[in-house]
Amino acid sequence: PSPRSPRSSCAARASGHRDGPSRRPPAPARRAPPSSSSSSCPCCGEVLNAKQRVKHLSLCAPDALDDDSDAFERCGDSDIIRQSVLRRHGARSRVYEVCAARFGWDASAGSKEPSARRVSRALGVPFDIVVRTIRTEVKETPMGLGVSARALEELEILYEDEERGTVAVNKLAGVASTPQNRISDESMASRVVAYWTRKYHNNVPLSSTTPFVVHRLDYETSGVFVVAKTKEAARVMQSAFEGRRVRKTYLALCKRTTTNANQQQHEQQQQQQGTIDYPLVKDAAADFAGRAKVRCVLNDDEAALVKVMPAETDWRILHRNGSYALIEARPRTGRTHQIRAHLAAVGWPIVGDDAYGYRDDGQDDDSLISRHALHAHTLTFLKSTTTEGIPPVSIVAPPPRDFTRACAAVGVVGIETK
């Protein structure tokens, strides 16, 4: 099979720093356990298939989403819902009485009772009203209440458009982009909600304050991350991404690998810049955190046999020292793990990337950095008559300190540090 040939060209630059995590970030703590093809809700008894399960339980029985039965109380979800119900209805309301019996808030209510039917019999409230009350109160619990004061203080606002209701923040490595659960969550999106609550609502949480994520970054990736306040604002910005009216640049600390390197890969490693146009295909394998991987399709014969996703990444070496290089990548398309897979395919895997990197010399990249060394450095909305009022603006996220230290440790300069 004839290999696909990369093409050429690209540009940009790096500056600044901020503190990052000192150890490999843990996987997101709250994930729904795997379920069988169907199960029933412990609250209302409805039979759920695997697709319905998480969405249904997040409102009807959020305490049943974890393998650990005590996680609901330990993570503060129960107390957060209780605060919301008290604020909305008061402690003497029928709504509070129903929820207290369901979640076991008061000693008089006894232990929590997962079955809405038993709550209905104990209180003499119709079953359908008990279910509706529980689901409504969980849904009306404002987001952002689980964000700690420290997490809010760590939030770095890079750009805010109050008129259009959008904000860009510097995402921390080891923090999820989107909420991992409905209540006690400290994802970047939930932190933005807490920021909006403090700034615009005098610290009064509103259930109507909902984050609309414009784009996502991998769990270990740091950098520019945009959230919108309304669905319409998110739609406008997402259309700019889809129409390629947004230019993104990433910084990656990479290490050249020679494992199984063919002649073409060797030639690519000698280039200073280029365009990688290998299409991607979903891989049956999984990375260390269980998330789906992709792989590059390296020849036209295989591309004709599998369902591929076209992908293009411009790249250039900003600075190189021996087998290490600071590479700037500009994705033209927005595929999952695109930059990570593309750079690995041309012999420059990202340092610390357990999914796509290599251990060709036995060295542990954790000694340099505790995550994959990828940072979303800039996000630029280009001037266009079709961006529906989005002003041309370039948003820059200073690289975090763990990234700049790793670069300095291997003698790769080109990033200004404070």
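Shown above is the structure to which this text applies.
My aim in this report is to walk through the structure given alongside it, one point at a time. (Residues numbered from 1 in each chain as written. Predicted model: local features only at pLDDT ≥ 70, side-chain atom pairs only at ≥ 80, totals over all residues. Heavy atoms only, no water.)

**A short note on the overall build of the protein chain**
As a reminder of what qualifies: The way it works is that DSSP assigns letters per residue, a run of H or I at least four long becomes a helix, a run of E at least two long becomes a strand, and they are numbered from the N terminus. The cut-offs for exposure are 20% and 50% of the maximum accessible area for each residue type, with area from a 1.4 Å probe on protein chains only; residues under the lower value are buried, those over the upper are exposed, and the others partly exposed. It only takes one pair of heavy atoms within 4.5 Å for two residues to be counted as in contact. For every accessible area listed, the method is Shrake-Rupley and the probe measures 1.4 Å; residues are considered covered only by the protein chains on display.
Counting secondary structure elements, the protein chain contains 13 helices and 14 strands. Counting every position in the protein chain, which comprises 418 residues, the buried fraction comes to 50%. Across the protein chain, the fraction of contacts at a sequence separation of at least 24, relative to all contacts at a separation of at least 6, is 68%. When the accessible surface of the protein chain is totalled, it reaches about 19,700 Å², and 48% of it is carbon and sulfur.

**Side note on the side chain of His342**
Under the convention used in this document: Throughout this description, a polar contact denotes any pair of N or O atoms lying within 3.5 Å of each other; where both atoms belong to protein, one of them has to be capable of donating a hydrogen while the other can accept it, and for residues adjacent in sequence the pair is counted only when both atoms sit in side chains.
As for its placement among the helices and strands, His342 is situated in helix H12 (residues 338-345). A relative accessible area of 0% means that His342 is categorised as buried. Among the polar contacts listed, one links the side chain of His342 to the backbone oxygen of Tyr278, at a separation of 2.7 Å. If sequence neighbours within four positions are ignored, His342 has contacts with Ile276, Tyr278, Leu280, Cys296, Ala311, Glu312 and Thr313.

**Concerning the environment of Ser78**
With respect to the helices, strands and loops of the structure, Ser78 is situated in helix H3 (residues 77-89). Separated by 15 residues in sequence, Ser78 and Asp63 have C-alpha atoms that sit 8.1 Å apart. Setting aside residues up to four positions removed in sequence, Ser78 forms contacts with Phe72, Glu73, Phe103 and Trp105. In this structure the side chain of Ser78 is engaged in a polar contact, spanning 2.9 Å, whose partner is the side chain of Trp105.

**Some words on helix H4 (residues 94-103)**
For H4, the tally of buried residues reaches seven of 10 residues, placing the bulk of the element in the interior. Turning to H4, its buried residues number three or more, namely Tyr96, Val98, Cys99, Ala100, Ala101, Arg102 and Phe103. The first or second residue beyond H4 is Gly104, which carries a positive phi of 70°.

**What to know about unusual backbone geometry**
With the exception of glycine, the majority of residues adopt a negative phi angle, and the majority of peptide bonds are in the trans configuration. Residues other than glycine seldom take positive phi values, yet Arg244 does so here, at roughly 60°. Topologically, Arg244 is positioned in the loop between helix H9 (231-242) and strand S7 (246-255). The class of Arg244 is partly exposed, set by a relative accessible area of 49%. The phi torsion at His337 lies on the positive side, around 60°, for a residue other than glycine. On the secondary structure map, His337 appears in the loop between strand S12 (324-331) and H12. A relative accessible area of 8% places His337 in the buried class.

**A look at the nonpolar core**
Under the convention used in this document: Residue types Ala, Val, Leu, Ile, Met, Phe, Trp, Tyr and Cys, when buried and joined through side-chain atoms within 4.5 Å, form a set referred to as a nonpolar core.
Ranked by size, the top nonpolar core spans 57 residues in total, and within it Leu253, Ile327 and Leu343 carry the most contacts. Residue contributions to this core peak at six residues, all from helix H8 (residues 188-200). Residues within four places of Ile327 in sequence aside, it is in contact with Tyr250, Leu251, Ala252, Cys254, Trp315, Arg316, Ile317, Leu343 and Trp348. Counting residues in hydrophobic clusters, the runner-up holds 28 residues, among them Cys44, Phe72, Phe103 and Val138.

**Quick notes on the state of the cysteines**
Applied cut-off: Pairs of cysteine sulfur atoms within 2.5 Å are identified as disulfides in what follows.
Summed over the entire model, instances satisfying the criterion amount to zero disulfides. Unpaired in this structure, Cys44 has its nearest cysteine sulfur neighbour in Cys41, at a distance of 3.8 Å.

**Some details on the pairing of strand S11 (residues 313-321)**
Sheet faces and side chains relate simply in a regular strand, where the side chains alternate between the two faces. Counted only if it meets this: The pairing criterion is simple: DSSP has to find at least two bridges between the two strands.
Where strand S8 (residues 273-276) and S11 come together, four bridges link them in antiparallel fashion. Looking at S11, one finds that Ile276 is bridged to Thr313. Relative to S12, S11 runs antiparallel, the two being bridged by eight bridges. Paired with Trp315 across the strands is Ala329, a residue of S12. Counted along the chain from S11 to the antiparallel partner S12, the turn is two residues long, and its residue Gly322 has a positive phi close to 65°.

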